[in-house]
Amino acid sequence: MKLRYSLMITFIALLSFSMFALSNAASEECSRASVNEGTITISPAEEEQVTGEGYPVKTAVPGDNLIFHLRVNNSASVEQMAVMELIGPEGWHASVTGSVPIPGGESREILLAVDVPLDLRMDPTDDYTFRVDAVGNLTGDRGFILVIVRLEAGLDHELVLLPDSSKEMDLRVFPGQNMYIDVLLRNQGDILDDYQLRIMEHQTDWDIRFMEGEGDLHITLPPGETGSIFRTELLVNVPSTTSPGFSRNIVLRSFSNLSAIYKEGKETDSVTIHFTVVNPSTMTIRPAETYIETESGENTPIEFDIVVTGVSDATFEPSLEILSGSFSQSGWLWSVDLEGPSVFSAGETRRITVNILPPSAISGEFDIILGGTSDSADVIKGKTTFLVTAKTNISFSDLVVSDTKMGEDVIISFHIRNSGDSSQQVVLDVEELPSVFIPAMDPSSFVIGPGSSRQVDLILYPRTERPPLEFSFKINIKVPLDDKGEWLVMSELDVPVAIKELPNTVVYSIELPDRPLDEGESVPVNITIENPSNMAAVGWTLEVYELTWSYSNVIIDSFHVDLGPGERETIEMNWTARPSARKIRALLVGPEGSDEICLEDNDLSEPVNVRPAKSGIVSGNDAQEGGYIPAEYAVAAVAGGSILLTSILLFFNTDYVRYPLFAGLYPLYTKLKPEHLLSNRLRRRIYVYVQNNPGEHFRSILVNLNLTNGTLAHHLYTLEKENLIRSQRDGLYRRFYPAGYHIEEDKVNLSPLQKRILELVESRPGLSQKDISLGLGISNSTVNYNVKSMKEKKVIEVRKMGKSTHIYPISTENS
């Protein structure tokens, strides 16, 4: 009992001593903290941009969501729990990491999230400051840092008249008339703004006010796509005592509150409405038919109804406008038969006839607009659409479309006949042709004499192995319309094409052991064949050959093959390896005496590597077939190295690596005879494609013809070596052209998107990148990337004006 009591006393003493020591350590640490203030500090993370004073700063516009990365540092020797406090501008939403434990002598990252508000009125270019405090729980130290959000918001607004979003409007009104005019105010800036809409001094006794009531309107509009538009109506009452001929201008003006305060953006905008008081009678012209068809050179009557409304009679002097789009036409003859006096009574409706004679050799749709003048009525013009087709003297005849089987080119011939009295320049083109075909027409442009005909041949090269079985397309005959380079379609020919589906079998793969083979070894060979067509393939033969180093074929075995539509089969066999063999070849042969079959992809070879017996002695038969030739193995090793190099460089997905890389896999180039150059059907397709699409780059040809890198590179290399085509480096691309094609050295190649950007900038010089983003519906980052590229190509220039940048085409002079 005494021993137990003594042990308890000892334990209590030790525990008290330990607590006293810990308390002393903490007190000592606190004592040091009270002297060496600043054991808790906050600093920006390394990736943060900072001001000259070292505070983190980010630029933003309303609606942005920002993240600041901060580091809380503990220079004390013991761990502290740092508690964060945040103070920011009123109305802003921000949050910071609440607390974080920090070991002694270390630091921890915290995040400050700031949402830039859309619903506050703010200085568009001011700095907004947040203070983040970190308080240590042991030392009581307080470290803080200031975080800056720098607004770079634009101020802009627009006032327009609807429905045409115009800045000016001309209106003809009657005495006593009441009317409404739609007005739209839009906040085009980045920040919430207050606007005032005012009717300026007009100095008339007219009653003019907004639909909301008399006086100015005060509107608050946020930025963005939604809610940034205010629409109202302007009520105009014309006094009944106003005389015809009286005219007045009404100006509406808008005022931006923030622009006036901060002198940024557009402070005011305005629209003007021009009123002209006219006679109380109206003469309305209405066409009897709104769409009329005729031929060039034919006199055509058109009927119009003249309707007079109002209280007074009116005279009428007709006039006629003929438009193609917005362009006035000349050379047309016309006359008007009024069938009575030129004075129309109030309330009268009368039908008149206009005789129109269009010029010869003209076609298209034209607007025929009948108007005129009257001494006591306003004339409202009437319009009808006139479809003019040209009289055809150039025509097609003798169309012949070849019987085409699947896998063959479509061959078409026809004649062009000139039944006119003079020679005619003719250009032929193709429309509505399925994109899987490449057309080659000979000739496509020529002069044809009067009373003569000319045969034209057209070949359609399929891009794919399975083009559509039935389709139709059009061939157009075009003749010059004028000396400005415009052409007129004189005639169209509909060409129906039917391609016959044929039984087909394909050698899909040859599977051999993936290793060197030993002489005399019995090797399993699996040959997979399939019928991709929709017809059964019956009575075919699979012949298996051994290709030797002396380039002879030694038959190994043959098999009878019947395959249903879409069926695949694997033939299993064994072959005794011989050193003279360099490949195993599988050949599918159709039924004897049948030409109604397709022989595309029916021949496939697979290389083999047979090691001779260790004695190095070759049998007589093998010696006759070429024997063991070490040099061939060296070639095989070089080829294997080339393939390995290809695998490594496949990641370099650019034409200037891709083309020489894959072309380099064919180092033993053999010059071909001229008559054999285009006998290869695939090479001929590539050649025709380059002829029809000069300047296409390697990747584009690859995708459009659905080829592999190596196949395309080989044939392009062959065509270029034989001087049938040429190529030229263009940045990351290599472009291909027909031999003799003149390449414009200074031509700038732009992507389709860059061309759209250039067209927009040429039509509206001085746009900002944000304007382009909104106008084309693409992201700011996409615009920024393409603008930089176009600037490097020297087709645009970027000018900085104040805090904004504006883009101009190089050819446009700007002050």
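Conventions we followed
Residues numbered from 1 in each chain as written. Predicted model: local features only at pLDDT ≥ 70, side-chain atom pairs only at ≥ 80, totals over all residues. Heavy atoms only, no water. Helix = DSSP H or I, 4+ residues; strand = E, 2+ residues; numbered from the N terminus. Buried < 20%, exposed > 50% of the residue type's maximum accessible area, 1.4 Å probe, protein only. Contact = heavy atoms within 4.5 Å. Salt bridge = Lys/Arg side-chain N within 4 Å of Asp/Glu carboxyl O. Phe/Tyr/Trp six-rings, centres within 6.5 Å; stacked < 30°, edge-to-face > 60°. Pairing = 2+ DSSP bridges. Axes fitted to C-alpha atoms, helices over the stretch in contact; angles between N-to-C directions. Core = buried A, V, L, I, M, F, W, Y, C linked by side-chain atoms within 4.5 Å. 1 Å grid on protein atoms, 1.4 Å probe; cavity = no way out; pocket = protein on both sides within 12 Å on 5 of 7 lines; lining within 4 Å. Points joined across faces, edges and corners; volume = space filled by probe spheres on them. Nonpolar A, V, L, I, M, F, W, Y, C, P; charged D, E, K, R; others polar. Expected span 1.5 Å × (residues − 1). pLDDT = per-residue confidence, 0-100. Left-handed = near helix turned anticlockwise from the far one by under 90°.

**Describing the overall build of the protein**
Part 1 of the reasoning: Across its full length, the protein carries 12 helices and 53 strands.
Part 2 of the reasoning: Out of the 815 residues belonging to the protein, those deemed buried represent 40%.
Part 3 of the reasoning: A separation of at least 24 residues holds for 68% of the contacts in the protein among residues at least 6 apart in sequence.

**Concerning the side chain of asparagine 74**
Part 1 of the reasoning: Within the secondary structure layout, asparagine 74 lies in strand S3 (residues 65-74).
Part 2 of the reasoning: We classify asparagine 74 as buried; its relative accessible area is 2%.
Part 3 of the reasoning: Each residue touching asparagine 74, except ones within four places of it in the same chain, is listed here: Thr39, Ile40, Glu79, Gln80, Ile102, Pro103, Gly104, Gly105 and Glu106.

**Considering unusual backbone geometry**
Part 1 of the reasoning: In this model, leucine 162 is joined to proline 163 through a cis peptide bond whose omega is 15 degrees.
Part 2 of the reasoning: By the secondary structure assignment, proline 163 is in the loop between strand S10 (157-161) and strand S11 (168-173).
Part 3 of the reasoning: Backbone torsion omega between aspartate 442 and proline 443 reads -10 degrees, so that peptide bond is classified as cis.
Part 4 of the reasoning: Looking at the element boundaries, proline 443 is found in the loop between strand S35 (437-442) and strand S36 (445-448).
Part 5 of the reasoning: Non-glycine residue lysine 263 carries a positive phi angle of around 55 degrees.
Part 6 of the reasoning: By the secondary structure assignment, lysine 263 is in the loop between helix H2 (257-262) and strand S18 (268-277).

**Things to note about the pattern of salt bridges**
Part 1 of the reasoning: Using the criterion set out here, one finds 32 salt bridges in the structure.
Part 2 of the reasoning: A salt bridge links aspartate 133 to arginine 142; its shortest N-O distance comes to 3.3 Å.
Part 3 of the reasoning: For aspartate 133, a relative accessible area of 3% gives the class buried.
Part 4 of the reasoning: Residue classification places arginine 142 among the partly exposed positions, given a relative accessible area of 44%.
Part 5 of the reasoning: For glutamate 348, the salt bridge identified is with arginine 350, shortest N-O distance 2.9 Å.
Part 6 of the reasoning: Here arginine 350 falls in the buried class, since its relative accessible area comes to 12%.

**What to know about the packing of aromatic side chains**
Part 1 of the reasoning: Taken as a whole, this structure holds 10 aromatic pairs when the rule is applied.
Part 2 of the reasoning: Centroid distance tryptophan 332 to phenylalanine 366: 5.0 Å. Interplanar angle 65 degrees. Geometry classified as edge-to-face. With a gap of 34 residues between them, tryptophan 332 in the loop between strand S24 (327-328) and strand S25 (333-337) and phenylalanine 366 in strand S28 (residues 364-373) connect regions that are remote in the sequence.
Part 3 of the reasoning: Measuring from centroid to centroid gives 4.9 Å for phenylalanine 437 and phenylalanine 471, while their planes differ by 35 degrees, and the two rings are tilted. Highlighted residues: phenylalanine 437 in strand S35 and phenylalanine 471 in strand S38 (residues 470-480), separated in sequence by 34 residues. An identical accessibility class is assigned to phenylalanine 437 and phenylalanine 471; each is buried.

**What to know about the sheet that holds strand S14 (residues 207-210)**
Within a beta sheet, neighbouring strands are joined by backbone hydrogen bonds and run either parallel or antiparallel to one another.
Part 1 of the reasoning: On the basis of which strands lie adjacent, the open sheet formed by four strands has the order S10-S12-S16-S14 and antiparallel pairing. Edge positions in the open sheet fall to S10 and S14, since each of these has one partner strand only. Going across the sheet, the axis of each strand differs from the next one's by a mean of 20 degrees, ignoring polarity.
Part 2 of the reasoning: Taken together, the nine bridges between strand S12 (residues 178-187) and strand S16 (residues 229-237) define a ladder with antiparallel strand orientation. Considered in S16, the bridge of leucine 185 is made with phenylalanine 230.

**Overview of the environment of isoleucine 285**
Part 1 of the reasoning: In this structure, isoleucine 285 sits in strand S19 (residues 281-287).
Part 2 of the reasoning: For isoleucine 285, a relative accessible area of 3% translates into the label buried.
Part 3 of the reasoning: In sequence terms isoleucine 285 and isoleucine 306 are 21 residues apart; their C-alpha atoms lie 4.8 Å from each other.
Part 4 of the reasoning: If we skip the residues at most four places from it in the chain, isoleucine 285 touches Phe304, Asp305, Ile306, Phe316, Leu370, Gly371, Val379, Ile380, Lys381 and Gly382.

**Digging into the nonpolar core**
A general feature of soluble globular proteins is that nonpolar side chains tend to end up buried together.
Part 1 of the reasoning: Core analysis: the largest hydrophobic core is formed by 29 residues, its most contacted members being Val72 and Val149.
Part 2 of the reasoning: Of all the secondary-structure elements, those providing two or more residues to this core are strand S1 (40-44), S3, strand S4 (80-87), strand S6 (99-102), strand S7 (107-115), strand S8 (127-136) and strand S9 (142-151).
Part 3 of the reasoning: Valine 149 has contacts with Lys58, Ala60, Leu66, Phe68, Trp92, Val114, Val116, Asp126, Asp127, Tyr128 and Phe130, leaving out every residue within four places of it along the chain.
Part 4 of the reasoning: Within the second largest apolar cluster, 28 residues are counted, among which are Phe437, Ile448, Ile477 and Met490.

**Examining the sheet that holds S28**
Part 1 of the reasoning: A sheet is described by the order of its strands in space; here five strands give the open sequence S20-S30-S28-S23-S24, paired in mixed fashion. Among the strands making up the open sheet, the edge pair consists of strand S20 (291-295) and S24.

**Observations concerning the layout of surface pockets**
Part 1 of the reasoning: Estimated volume of the largest pocket: approximately 1800 Å³.
Part 2 of the reasoning: For the largest pocket, the lining is made up of 46 residues, of which Gln188, Asp190, Ser768, Lys770 and Asp771 are closest to its centre.
Part 3 of the reasoning: Among the secondary structure elements, those contributing two or more residues to the lining of the largest pocket are strand S2 (57-60), S12, helix H11 (769-776), helix H12 (780-792) and strand S53 (804-809).
Part 4 of the reasoning: Sort the elements by how many residues they give to the lining of the largest pocket and H11 lands first, with six residues.
Part 5 of the reasoning: Across the lining of the largest pocket, the residue classes tally to 14 nonpolar, 19 polar and 13 charged.

**Re the pairing of strand S33 (residues 410-418)**
Part 1 of the reasoning: With six bridges joining them, strand S31 (residues 394-401) and S33 adopt antiparallel strand pairing. In the sheet register, valine 401 faces S33, and the bridge partner there is isoleucine 412.
Part 2 of the reasoning: The pairing of S33 with strand S37 (residues 453-462) spans eight bridges and is antiparallel. Each bridged residue has a counterpart across the sheet, and for isoleucine 416 the counterpart in S37 is arginine 454.

**Considerations on the environment of valine 489**
Part 1 of the reasoning: Here valine 489 lies in strand S39 (residues 487-500).
Part 2 of the reasoning: Apart from residues no more than four positions distant in its own chain, valine 489 is found in contact with Asn476, Ile477 and Lys478.

**Details of helix H8 (residues 698-705)**
Because the α-helix completes a turn every 3.6 residues, residues three or four places apart line up on one side.
Part 1 of the reasoning: Where H8 is concerned, the buried positions are Phe698, Ser700, Ile701, Leu702 and Leu705.
Part 2 of the reasoning: With its phi angle positive at about 55 degrees, asparagine 706 sits one or two positions after the end of H8.

**Let's talk about the environment of phenylalanine 559**
Part 1 of the reasoning: Summarising the element assignment, phenylalanine 559 is placed in strand S44 (residues 553-563).
Part 2 of the reasoning: For the pair formed by phenylalanine 559 and threonine 541, sequence separation is 18 residues and the distance between their alpha carbons is 5.6 Å.
Part 3 of the reasoning: Setting aside anything within four residues of it in sequence, one finds phenylalanine 559 in contact with Trp540, Thr541, Leu542, Val544, Ile571 and Met573.

**Examining helix H9 (residues 709-721)**
Part 1 of the reasoning: Taking 1.5 Å per residue, 13 residues should reach 18 Å; H9 reaches 18 Å between its end C-alpha atoms and fits that length.
Part 2 of the reasoning: Taken residue by residue, H9 has Asn709, Gly710, Leu712, Ala713, His715, Leu716, Thr718 and Leu719 as its buried positions.
Part 3 of the reasoning: Directly after H9, the chain includes asparagine 723, whose backbone phi takes a positive value near 60 degrees.

**Digging into the confidence of the model for the protein**
Part 1 of the reasoning: Summing up the model confidence of the protein, the mean pLDDT is 80 and the portion of residues at 70 or higher is 82%.
Part 2 of the reasoning: Every residue in residues 1-36 scores below 50 in pLDDT, and together they form eight contacts with partners more than four places removed in sequence or on other chains.
Part 3 of the reasoning: For the stretch residues 646-652, pLDDT sits under 50, and the model shows six contacts to residues farther than four places along the chain or on other chains.

**Digging into the packing of H11 against H12**
Part 1 of the reasoning: As a packed pair, H11 and H12 sit with axes 9 Å apart at the nearest point and diverge in direction by 115 degrees. The crossing of H11 and H12 is right-handed. Residue-level inspection shows Gln769, Lys770, Ile772 and Ser773 of H11 in contact with H12, the latter providing Asn780, Val783, Asn784 and Val787.
Part 2 of the reasoning: Tallied by class, residues from the contact of H11 with H12 come to three nonpolar, four polar and one charged.

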